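Results of the structural survey
What follows is each chain in one-letter form.
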Amino acid sequence: MLGIAISLVLLWSIKMQAGRQLATINADTWNHTGWNGYLAASIVLMILNQVLETGKWYLLCRMIAPLTFAKALRSYLAGIAVALVTPNRIGDYPARILYLGGKSTFRYISVAVLGIMAQLSAIFLFGLAGLIYYNSVFPSFAAKMVLAGCAIANVLLIIGYWRFRLWLPALARMPRLRRFAAYGRLLARFSSAAQLRVLLISVARFGIFTAQYLFLLRWMNVSVPLVDGFWTAALFFWAMAVIPSIAFTGVIIRTKVSMMLFGHFSANTVGIVAATVGIWILNLAVPAIIGSILMIRTRLLLMVKE
């Protein structure tokens, strides 16, 4: 019953967030859109995005214990449902691990860390490119400082991702973390080729939802040059990853940043906000709703079996 109650609370939270997001724009805005092919392309990319992330999670988890692609998908969707109501979506991977459960719970932590670092590497790589673009077009001292910080973060992430084995001896010397060092040794099963696949999937995903954002902007009749728009969208997603936020303030931050970045290209503020809300609905709200429903269904099935 507790699991069902939590799932229902998640659904209610998603509904409330969706209401706040949609309240930022006039409902009539959706009746003045451009070619619907842009929306269709965004939906196709949403599906591809979910498949790629599930594939990455499946690739990581099968090194710990056997599982099906379908179970990896359900675990991923459950993570999205919880992530949506936690600060900066930090509940994503813990929820995935708890959904899988079993005796391998702590062992999944090691591969989850690798998955997180791969996605962060992709975010900061695109963020660095976006900041280089921004500095070339809108140079300022503050922008240069942010660029320098992002470059340093990229170096640290690359070292952390490719040289994680160097961390294990340090963890083994700490009594409270010694257990995690043992689980971390499971990562030795990952070849460099497997790590590269995980990283490439993360890079592909970031490229996909950056392109997806451009399609939605075009659908909302926001005129943005293709190349400039792509790197600006990449910068937007990087900013959303690094700016601290909670569920209730996320909508405000998201709309402010989108208007600040894309306002350089278009005065269609309503269209910019609508596209920003649209990307949130497609990539977060829809998967989160499905994940919450799957969690309820799983709990009910377990109750019937008992």
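Check the entry above for the structure.
Residues numbered from 1 in each chain as written. Predicted model: local features only at pLDDT ≥ 70, side-chain atom pairs only at ≥ 80, totals over all residues. Heavy atoms only, no water.

A word on the nonpolar core
Quick reminder of the rule: To qualify as a nonpolar core, a set must consist of buried Ala, Val, Leu, Ile, Met, Phe, Trp, Tyr and Cys residues joined through side-chain atoms within 4.5 Å. Think of it in three bands: residues with accessible area under 20% of the maximum for their type are buried, residues over 50% are exposed, and the middle band is partly exposed, with areas taken using a 1.4 Å probe on protein chains only. Put simply, DSSP marks the helices as runs of H or I at least four residues long and the strands as runs of E at least two long, and each gets a number from the N terminus on. Contacts are residue-level and defined by heavy atoms, with any inter-residue pair within 4.5 Å sufficient.
One finds Y213, L217, W238 and F262 to be the most contacted residues of the largest nonpolar core, which totals 37 residues. Counting only elements with at least two residues in this core, the list comes to α5 (105-137), α6 (141-162), α9 (192-219), α10 (226-242), α11 (247-262) and α12 (269-305). In terms of residues, this core owes the most to one element, α10, which gives eight residues. Not counting chain neighbours up to four residues away, the residues in contact with L217 comprise V222, V224, F262, I272 and A275. Within the second largest apolar cluster, 22 residues are counted, among which are C61, L67, L100 and Y108.

Considering the packing of helix α3 (residues 69-83) against helix α4 (residues 92-100)
Short version of the rule: To obtain an axis, a line is fitted to C-alpha atoms, over the contacting stretch when the element is a helix, and the angle between two such axes runs from 0 to 180 degrees between their N-to-C directions. Roughly parallel means an angle under 35 degrees; roughly antiparallel means over 145; roughly perpendicular covers 65 to 115; every other angle is labelled oblique. Take the far helix as your reference; a near helix turned counterclockwise from it by less than a right angle gives a left-handed crossing, and one turned clockwise gives a right-handed crossing. Under this grouping Gly is polar, as are all residues other than the nonpolar Ala, Val, Leu, Ile, Met, Phe, Trp, Tyr, Cys and Pro and the charged Asp, Glu, Lys and Arg.
Packing of α3 against α4 leaves a shortest axis separation of 7 Å and a crossing angle of 135°. The orientation of α3 with respect to α4, classified from their angle, is oblique. As for the relative orientation of α3 and α4, their crossing is right-handed in sense. For the pair α3 and α4, the contacting residues are K71, R74, S75, Y76, A78, G79, I80, V82 and A83 in the first and D92, A95, R96, Y99 and L100 in the second. The residue inventory of the contact of α3 with α4, partitioned by class, reads eight nonpolar, two polar and four charged.

A word on a nonpolar patch on the surface
This is how the line gets drawn: For patch building, the residue pool is restricted to those with more than 30% relative accessible area and no salt bridge; the joining distance is 9 Å between like charges and 5 Å between nonpolar side chains (Val, Leu, Ile, Met, Phe, Trp, Tyr). Per-residue accessibility takes into account occlusion by the displayed protein chains alone, with areas from the Shrake-Rupley method and a 1.4 Å probe. The salt bridge definition used is simple: a Lys or Arg side-chain nitrogen within 4 Å of an Asp or Glu carboxyl oxygen.
A cluster of nonpolar side chains, namely I43, I47, V51 and F69, defines an oily patch on the protein surface of about 330 Å² accessible area. If one sorts the elements of the nonpolar patch by residue count, helix α2 (residues 36-61) sits on top with three residues. Examined against the element boundaries, V51 turns out to sit in helix α2. For V51, a relative accessible area of 44% puts it in the partly exposed group.

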